[in-house]
Amino acid sequence: MTGDGTRAVRAGLPEAVKNEPTLPGPVFAAHFHLPGDVSGPYAYGRDDNPTWTHLEQAIAELDAPGGNAHTLVFASGMAAISAVLFSQLGAGDTAVLPDDGYQALPLLREQLSAYGVEVRTAPTGGDAQLDVLDGAKLLWIESPSNPGLDVCDIRRLVDAAHARSALVAVDNTLATPLGQRPLELGADFSVASDTKGMTGHGDILLGHVTCRDAELAAGVKRWRKIVGAIPGPMEAWLAHRSLATLHLRVERQTANALALAEAIRARSDVTGLRYPGLSDDPSHTVAARQMRRFGSVVSFDLGARERAERFLAELRLVEDATSFGSVRSTAERRGRWGGDAVGEGFVRFSVGAEDAEDLVADVARALDLSHGAV
Ligand code: PLP
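Quick caveat, the model's predicted, so the values are computed rather than measured.

J.: When you look at helix H4 (residues 105–114) in this model, what are you seeing that I'm missing?
T.: Since the α-helix packs 3.6 residues into each turn, any two residues three or four apart lie on the same face. Within the span of H4, buried status applies to Leu105, Leu108 and Leu112. Considered in projection along H4, the buried side chains sweep an arc of 55° and stay on one side of the axis. Opposite the buried face of H4, at more than 90 degrees from it, the exposed residues are Leu107, Glu110 and Ala114. Residues of H4 that are buried make contact with helix H3 (77–88), strand E2 (94–98), strand E3 (118–122) and strand E4 (138–142). Within two residues after H4, Gly116 carries a phi angle of roughly 90°, on the positive side.

What follows is the structure, encoded as structure tokens:
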């Protein structure tokens, strides 16, 4: 049985060929030599590219080790999410979305509704989506949810959805395949923004969809060809290169996230602390059943906007920036975007790969200073 570290460093590598590199470089091609009838894997660059093929093989191995899965890479996480929703749903269908997921989901809801798809929503926590499943064609799960870090019982929801002949897609962005494998929990699609932890350096946008069913994969691929939401070869190659350190990064960042969460838990001036890896977190029991690592995002509330802003300004090792999953810690006052059901002092903290002691000390200092002059 191959371990996560071995799988991460070897995923998607082609057979060794004498005098060729281990991971072939990016192939820049809009078209490929194509004499006579159209045949072979590569004809036009919007349909397929050898650099994507290596990356797709790598992600498939991570999402479904030893399994027969198909991965399709996209220009961004939103491109991947849209590909599943718009390839599978049509006028008259019903979809169930979380109401506490990524903040662009309401935009998708609007667009789906405009196309005649009925959209119902329910919170992630407490498996509340179960209550609105009847008659749905597709259930969309985001667990852990961003930014609230609630968790649902994926297997339980999948069983209920399949009993009603509904498909299930899971946004696995926060967990990465090393934290959670939705296909093994029965989901039909594992989808992610690889802009986050998968690539982990905060320097590229990318997304993917993995599924076991060849027909479902063909529908998603057809959608990619129609909208052309394709990654550039350089991004795809950088992503593959980054996967080699996925295990190292995820191990370090989850250990750091737990250390930070524990340090914050010990303080009396922070409320609403959430991290699924904390044994007393409301998500922990279900998370521990279905997750192998709990992710790099910690959230908490500093009560007021001014205090959160002072806290962010005082941090020296942590950049005030959005997104998450990078090796460099970032944090932001989430309420500045609007759209998330969070308080004005709510902070979403993405824990990087710094030394835990340095990070914890920096956060403690900034929290102390965040109270301002007394
Ligand atoms: N899904 C989740 C959970 C996210 O947090 C994000 C981005 O923040 C996305 C999807 C969208 O990904 P992208 O920004 O790569 O389009």
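J.: Sorry if this is basic, but what is going on with the site of the ligand here?
T.: Neighbouring the ligand are 13 residues; Met78, Asp171, Ser193, Thr195 and Lys196 lie closest to it. Within the contact set of the ligand, an oxygen atom lies 2.6 Å away from a side-chain nitrogen or oxygen of Thr195. For the shell around the ligand, the element with the most residues is H3, which contributes three residues.

J.: Before we go on, may I ask you to explain the side chain of Arg293 in this structure?
T.: Relative to the assigned elements, Arg293 resides in the loop between helix H9 (284–290) and strand E9 (297–301). There is a polar contact of 3.0 Å between the side chain of Arg293 and the side chain of Asp4. Those residues in contact with Arg293 that lie beyond four places of it in its chain are Asp4, Leu178, Gly179, His247, Val250, Glu251 and Thr254.

J.: Honestly, the packing of helix H8 (residues 246–265) against helix H11 (residues 356–369) in this entry has me stumped. Any pointers?
T.: The description of two helices packed together rests on the angle between their axes and the distance between the axes. Between H8 and H11, the shortest axis-to-axis distance is 10 Å and the interhelical angle comes to 35°. Note on packing geometry: the crossing formed by H8 with H11 is right-handed. When H8 is examined against H11, the residues Asn256, Ala259, Leu260, Ala263 and Ile264 are found in contact with a partner set consisting of Ala356, Val360 and Val363. Its residues placed into classes, the contact of H8 with H11 shows seven nonpolar, one polar and no charged.

J.: Would you mind going over the packing of helix H10 (residues 305–314) against H11 with me for this structure?
T.: Two elements in contact, H10 and H11, have axes whose closest approach is 8 Å; the angle formed by their N-to-C orientations is 140°. By the criterion of interaxial angle, the relationship of H10 to H11 is oblique. Like other packed secondary-structure pairs, H10 and H11 cross with a definite hand, here right-handed. Note on element contacts: H11 touches H10 through Val363, Arg365, Ala366, Leu367 and Leu369, opposite Arg307, Arg310, Phe311 and Glu314. Of the residues contributing to the contact of H10 with H11, the split by class is five nonpolar, no polar and four charged.

J.: Help me out: how do you make sense of the state of the cysteines in this one?
T.: Here is the idea: a disulfide is a covalent bond, and it sits between the sulfur atoms of two cysteines. Within the structure shown, the criterion is met by zero disulfides. Cysteine Cys152 remains unbridged, with the sulfur of Cys211 as its closest cysteine sulfur at 20 Å. In this structure Cys152 comes out as buried when scored by relative accessible area, which is 0%. Judged by its relative accessible area of 1%, Cys211 falls in the buried class.

J.: What exactly am I supposed to notice about the sheet that holds strand E11 (residues 330–333) here?
T.: Backbone hydrogen bonds hold the strands of a sheet together, and the pairing may be parallel or antiparallel. Read from one edge of the open sheet, five strands run E8-E9-E12-E11-E10, paired in mixed fashion. Strand pairing shows two members of the sheet lacking a second neighbour, strand E8 (271–274) and strand E10 (319–320), which therefore form its edges. Where E8 meets E9, two bridges bridge the pair, whose relative direction is antiparallel. Along E9, the bridge assignment pairs Arg274 with Ser299. Contacting E9, E10, E11 and strand E12 (346–350), H10 crosses the sheet at an angle of about 160° to E11.

J.: Honestly, the packing of aromatic side chains in this entry has me stumped. Any pointers?
T.: In this description, a pair of aromatic rings is defined by centroid distance and the angle of the planes. This structure, assessed with the given rule, holds five aromatic pairs. A ring pair is formed by Phe86 and Trp223, whose centres lie 5.8 Å apart and whose planes are at 25°; its orientation type is stacked. Here Phe86 is found in helix H3, whereas its partner Trp223 is found in helix H6 (residues 214–227), with 137 residues between them in sequence. Aromatic side chains Phe300 and Phe311 sit 5.8 Å apart centroid to centroid with 75° between the ring planes, which places their arrangement in the edge-to-face category. Of this pair, Phe300 sits in strand E9 while Phe311 sits in helix H10, and the two are eleven residues apart along the sequence. For the pair formed by Phe300 and Phe311, the shared burial category is buried. Following the ring pairs from residue to residue traces out a cluster consisting of Phe86, Tyr115 and Trp223.

Procedures and definitions
Residues numbered from 1 in each chain as written. Predicted model: local features only at pLDDT ≥ 70, side-chain atom pairs only at ≥ 80, totals over all residues. Heavy atoms only, no water. Buried < 20%, exposed > 50% of the residue type's maximum accessible area, 1.4 Å probe, protein only. Helix = DSSP H or I, 4+ residues; strand = E, 2+ residues; numbered from the N terminus. Arc of directions from axis to C-beta. Contact = heavy atoms within 4.5 Å. Near = heavy atom within 4 Å. Polar contact = N/O pair within 3.5 Å; in protein donor to acceptor, adjacent residues only side chain to side chain. Axes fitted to C-alpha atoms, helices over the stretch in contact; angles between N-to-C directions. Left-handed = near helix turned anticlockwise from the far one by under 90°. Nonpolar A, V, L, I, M, F, W, Y, C, P; charged D, E, K, R; others polar. Parallel < 35°, antiparallel > 145°, perpendicular 65-115°, else oblique. Disulfide = S-S within 2.5 Å. Pairing = 2+ DSSP bridges. Phe/Tyr/Trp six-rings, centres within 6.5 Å; stacked < 30°, edge-to-face > 60°.

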